[in-house]
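# Inside the fold
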Amino acid sequence: AQSVTQPDIHITVSEGASLELRCNYSYGATPYLFWYVQSPGQGLQLLLKYFSGDTLVQGIKGFEAEFKRSQSSFNLRKPSVHWSDAAEYFCAVRGNTPLVFGKGTRLSVIA
Amino acid sequence: EAGVAQSPRYKIIEKRQSVAFWCNPISGHATLYWYQQILGQGPKLLIQFQNNGVVDDSQLPKDRFSAERLKGVDSTLKIQPAKLEDSAVYLCASSLDRGIGNTIYFGEGSWLTVV
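So, a few notes on the structure that sits alongside this text.

## Brief notes about the environment of Leu 44 of chain A
- Note on placement: Leu 44 of chain A falls in strand β6 (residues 44-50).
- A relative accessible area of 5% means that Leu 44 of chain A is categorised as buried.
- Through-space distance from the C-alpha of Leu 44 of chain A to that of Tyr 89 of chain A is 9.0 Å; in sequence the pair is 45 residues apart.
- Here Leu 44 of chain A is in contact with Tyr 36, Val 37, Gln 38, Phe 90 and Phe 101 of chain A together with Pro 43, Leu 91, Phe 106 and Gly 107 of chain B, once residues within four sequence places are set aside.

## Concerning the side chain of Thr 103 of chain B
- Along the chain, the position of Thr 103 of chain B falls in the loop between β9 (88-95) and β10 (105-106).
- Here Lys 49 of chain A takes part through its side chain, which lies 2.6 Å from a polar atom of the side chain of Thr 103 of chain B.
- Contacts of Thr 103 of chain B, omitting those with residues within four sequence positions, involve Leu 46 and Lys 49 of chain A together with Ser 94 and Ser 95 of chain B.

## Re the nonpolar core
- Judged by nonpolar contacts, the single largest core of 26 residues is most densely connected at Leu 19, Trp 35, Leu 47, Leu 48, Phe 74, Leu 76 and Tyr 89 of chain A.
- Contributing elements (two or more residues each) for this core: β2 (10-14), β3 (19-21), β5 (32-38), β6, β8 (64-68), β9 (73-78), β10 (87-94) and β12 (105-110) of chain A.
- It is β10 of chain A that contributes the most residues to this core, four residues altogether.
- Judged by nonpolar contacts, the second largest core, of 21 residues, contains Leu 32, Trp 34, Leu 46 and Leu 60 of chain B.

## Here's the deal with the packing of aromatic side chains
- Overall, the coordinates contain 17 aromatic pairs over all chains when judged by the stated rule.
- A ring pair is formed by Tyr 36 of chain A and Phe 106 of chain B, whose centres lie 5.4 Å apart and whose planes are at 85°; its orientation type is edge-to-face. With one member in each of two chains, Tyr 36 of chain A in strand β5 and Phe 106 of chain B in strand β10 form a pair that bridges those chains.
- The exposure class of Tyr 36 of chain A is buried, given its relative accessible area of 1%.
- Judged by relative accessible area, Phe 106 of chain B falls into the buried class, the value being 11%.
- Summarising the aromatic geometry, the rings of Phe 101 of chain A and Tyr 35 of chain B are spaced 5.8 Å apart at their centres and angled 85° between planes, so their arrangement reads as edge-to-face. Taken as a pair, Phe 101 of chain A in strand β11 (residues 100-101) and Tyr 35 of chain B in strand β4 (residues 31-37) lie in two separate chains rather than in one.
- Among the residues examined, Phe 101 of chain A registers a relative accessible area of 9% and is labelled buried.
- Here the aromatic cluster, defined as three or more aromatic residues joined through ring pairs, consists of Tyr 32, Phe 34, Tyr 36, Phe 51, Phe 90 and Phe 101 of chain A together with Tyr 33, Tyr 35 and Phe 106 of chain B.

Calculation criteria
- Residues numbered from 1 in each chain as written.
- Chains lettered and ligands numbered in written order.
- Predicted model: local features only at pLDDT ≥ 70, side-chain atom pairs only at ≥ 80, totals over all residues.
- Heavy atoms only, no water.
- Helix = DSSP H or I, 4+ residues; strand = E, 2+ residues; numbered from the N terminus.
- Buried < 20%, exposed > 50% of the residue type's maximum accessible area, 1.4 Å probe, protein only.
- Contact = heavy atoms within 4.5 Å.
- Polar contact = N/O pair within 3.5 Å; in protein donor to acceptor, adjacent residues only side chain to side chain.
- Core = buried A, V, L, I, M, F, W, Y, C linked by side-chain atoms within 4.5 Å.
- Phe/Tyr/Trp six-rings, centres within 6.5 Å; stacked < 30°, edge-to-face > 60°.

The structure is reproduced here in structure tokens:
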């Protein structure tokens, strides 16, 4: 069965600084990987997904993620964070079952 | 394109009472999911429908939870009787089909507090 680990529960960054959120997955075959964002009181919005091909994928809102099979990782990055990026971020993997999520990383942005 | 619609958005009930949540998926989406998200955790799949049939309900606490999708469109999730630990956000989601390449779209969730 697949699983996802997000090692960081809470991260605080300054506005304009770069961001990297970590995600490690466990799955025996080639995984389908996703990042979702959840703003307070809202549902989950898909940021980006990786199915195959280029290991660097671009998403919405200026986010990107890199798939590294050797490290079983799919880290999310953004070069310059905006205050509106403050939210909860979930990494998810899809294999032989629908989406399995990590516990999430809460991002706070300070001025 | 309209998204996944859920209601009610917020509900507060006493333990041992019952509650029902409704979901209308994106038009044309054959696959519908209910997820439970407890505070501080990621969403966990409760049940998956393909049209009006159940594909996976292995994580649904069947002694108190039930769900149906009678006409293959709307779905209802019911909890009876509710326990304190059922306090969570119940997220409905849908996808065009159950194939692994299909994006899953989520509604805004129904927030349940059991007191």
